[in-house]
Amino acid sequence: MSSPLVDARRQLADAVKLLGLDRGTFDLLATPRRELTVCIPLRRDDGSVEIITGHRVQHNYSRGPAKGGLRYSPQVDLDEVRALAMWMTWKCALLDVPYGGAKGGVAIDPRHYSAAELERVTRRYTSEISPLIGPAHDIPAPDIGTDEQTMAWMMDTYSVGRGHTVLGVVTGKPISLGGSLGRATATSRGVVHVALEALRHLDLDPTRSSAAVQGFGKVGRGASRFLGDAGVTVRAVSDQYGGVQHADGLDVAALEAHVDATGSVVGFAGGEPIENDDLLELDVDLLVPAAVEGVIHSGNADRVRAQLVVEGANGPTTADADAVLAQRGVTVVPDILANAGGVIVSYFEWVQANQAYWWTEGEVEERLAARMTTAWEHVLEYARRADLTLRAAATSLAVKRVAQAHVQRGLYP
Ligand code: GLU
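Scoring rules and cut-offs
Residues numbered from 1 in each chain as written. Predicted model: local features only at pLDDT ≥ 70, side-chain atom pairs only at ≥ 80, totals over all residues. Heavy atoms only, no water. Helix = DSSP H or I, 4+ residues; strand = E, 2+ residues; numbered from the N terminus. Rg over C-alpha atoms; globule rule 2.2 N^0.38 Å. Buried < 20%, exposed > 50% of the residue type's maximum accessible area, 1.4 Å probe, protein only. Contact = heavy atoms within 4.5 Å. Areas by Shrake-Rupley, 256 points an atom, 1.4 Å probe, with all protein chains shown as cover. Lys, Arg positive; Asp, Glu negative; His and termini not counted. Charge placed at Lys NZ, Arg CZ, Asp CG, Glu CD. 1 Å grid on protein atoms, 1.4 Å probe; cavity = no way out; pocket = protein on both sides within 12 Å on 5 of 7 lines; lining within 4 Å. Points joined across faces, edges and corners; volume = space filled by probe spheres on them. Nonpolar A, V, L, I, M, F, W, Y, C, P; charged D, E, K, R; others polar. Pairing = 2+ DSSP bridges. Near = heavy atom within 4 Å. Polar contact = N/O pair within 3.5 Å; in protein donor to acceptor, adjacent residues only side chain to side chain. Expected span 1.5 Å × (residues − 1). Axes fitted to C-alpha atoms, helices over the stretch in contact; angles between N-to-C directions. Parallel < 35°, antiparallel > 145°, perpendicular 65-115°, else oblique. Core = buried A, V, L, I, M, F, W, Y, C linked by side-chain atoms within 4.5 Å.

Focus: the overall build of the protein
Phase 1: Scanning the protein from N- to C-terminus turns up 14 helices and 12 strands.
Phase 2: At 20 Å, the protein has a C-alpha radius of gyration in line with the 22 Å of a compact globule built from 413 residues.
Phase 3: Taken along its principal axes, the extent of the C-alpha atoms in the protein is 55 × 55 × 45 Å.
Phase 4: Across the 413 residues of the protein, 58% fall into the buried class.
Phase 5: Contacts spanning at least 24 positions in sequence make up 68% of the contacts within the protein whose residues lie at least 6 apart.
Phase 6: Split by element, the accessible area of the protein, about 17000 Å² in all, is 50% carbon and sulfur.
Phase 7: Charge separation in the protein, taken as the distance between the mean sites of 40 positive and 51 negative side-chain charges, equals 7 Å.

Here it is as structure tokens:
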């Protein structure tokens, strides 16, 4: 049975084998260092009480404080959070930001709760996990179902508990509250930086290439826009309600205006409807799955027609599907590289908050681009040298850095 955690451990096992590390190292890196499951009693607006479950998992902090997003989704369970936390450890190590990996999850569908209810859930969750978090311990950020408002409530709740304002406890905050310029678009920009590098690497001219993007949220929306800006024909996009396509390319700006007005890409007049599953199999050069885990699986991997898959989401390709794509010669730029722009600018935000000194948007963009390009080059070079897929190369580079930190620190006592 495939699941994010089974797949994450399989990727780790492959890297451990490739690097010639021992069984103890595998067990150490396969096991989260700290986990906390909390009960969040929520008073609904109608006065009734509902019990919601939340988790925070710190997979590893050998290279620095744990770092990773907080997800609000009805599918959240502890194993999913464990997998996402492990991927954060590799992502931070690969991009050489001085963090370990963590993730949080609250099993709630935010669409069915009022803003006041979500504020109460967020504050109670923050209070329950406050022994674990802090600028030097573990720094949450937005993920699926959470946003800068969620981060503002978390920062406020934590700060009230400490008696002073602690800007560095979360990232992805509103600009007016210590957020960084460029954070909101960072993941999308990073996805497009590596997508353009990868297209060129495959000898595909971006201005003659086509793309399909699954997901039109924090990652997919900006990715569609920046791909369009780079001259790529965005043929299809989708969200959780459905998709739209146009053979000659969608007008992304007009589509964004439609989404702002209606809340979904569905019903956009400048295109035809397309099912989410069909979008993944569209005849395009580039496929960007930027929604949820496991959408490319053993049941559809042989029907993916794109030459290049750039993973905007975390874990969109199952391990079985990954093997099928590799065998079919499809290039997959893995999540821990492709979507790292978010945590890179989170790192910049935390640095700025700690120094109380703010950078210009230009500085943020320039440093983000430099880090993405450097990581892409390292992964590509290693993959070529060792004859590996980009995922195997990226995971191995990251695991090597984390394992090395463990060796250098030694075991206590
Ligand atoms: N949730 C994002 C991710 O999966 C960002 C994490 C962060 O900025 O800490 O990479």
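Here we look at the layout of surface pockets
Phase 1: Considering only enclosed or pocket space, the second largest pocket measures out at about 340 Å³ in volume.
Phase 2: Looking at the lining of the second largest pocket, the element that brings in the most residues is helix α1 (residues 4-19), giving five residues.
Phase 3: Residues of the lining of the second largest pocket, tallied by class, amount to seven nonpolar, four polar and four charged.

Focus on the pairing of strand β8 (residues 242-245)
Phase 1: Two strands pair when backbone bridges link them, and strand β7 (residues 233-239) and β8 are joined in this way by four bridges, in the antiparallel orientation. Bridge pairing in β8 places D239 opposite G242.
Phase 2: Connecting β7 to the antiparallel partner β8 that follows it, the hairpin turn spans two residues.
Phase 3: As defined by bridge partners, β8 adjoins strand β9 (residues 272-274) across three bridges and the pair is classed as antiparallel. Paired with G243 across the bridge in β9 is I274.

Quick notes on the site of the ligand
Phase 1: Around the ligand, 14 residues are found, and the nearest of them are K67, K91, P142, D143 and S346.
Phase 2: At 2.6 Å from an oxygen atom of the ligand is found a side-chain nitrogen or oxygen belonging to K91.
Phase 3: For the ligand, whose free accessible area comes to 300 Å², the fraction covered by protein is 94%.
Phase 4: Every element with two or more residues in the shell around the ligand is listed here: β3 (66-72), α3 (78-94), β5 (138-142) and α12 (341-355).

Considerations on α12
Phase 1: For α12, with 15 residues, the first-to-last C-alpha span of 21 Å sits near the 21 Å given by 1.5 Å per residue.
Phase 2: Burial runs high along α12: 13 of the 15 residues are buried.
Phase 3: A positive backbone phi angle near 50° is found at A356, which sits one or two residues after α12.

Focus on the packing of helix α13 (residues 361-386) against helix α14 (residues 390-409)
Phase 1: Contact pair α13 / α14: the axes reach a minimum separation of 8 Å and the direction vectors enclose 110°. Between α13 and α14, the interaxial angle falls into the category roughly perpendicular. Contact residues: W376, H378, V379, L380, Y382 and A383 in α13; L390, A393, A394, S396, L397 and R401 in α14.
Phase 2: Residues belonging to the contact of α13 with α14 are distributed by class as follows: nine nonpolar, two polar and one charged.

Re the sheet that holds strand β1 (residues 34-43)
Phase 1: Pairing is mixed in the open sheet, where five strands are placed in the order β1-β2-β4-β3-β5. The strands lining the two open edges of the sheet, one partner per strand, are β1 and β5. Adjacent strand axes in the sheet meet at a mean angle of 20°, parallel and antiparallel pairs treated alike.
Phase 2: Of the pairings in the sheet, the one linking β3 to β5 comprises five bridges and is parallel in character. The partner of K67 across the bridge, within β5, is I139.
Phase 3: Sheet contacts for helix α5 (residues 148-162): β3 and β5; angle to β5, the most-contacted strand, approximately 150°.

Looking at the nonpolar core
Phase 1: Ranked by internal contacts, the top residues of the largest apolar core, which has 83 residues, are L12, W90, L94, L227, V237, V310 and V333.
Phase 2: Counting residues in each nonpolar core, the second largest holds 22 residues, with I52, I129, I133 and V166 among its members.

A word on the environment of E117
Phase 1: By the secondary structure assignment, E117 is in helix α4 (residues 115-129).
Phase 2: C-alpha of E117 to C-alpha of Y347: the two residues are 230 residues apart in sequence and 30 Å apart in space.
Phase 3: Residues in contact with E117, not counting those within four places in the same chain, are L42, R43, R44, D45 and H112.

Geometric descriptors of this kind do not, in isolation, establish any biological role.
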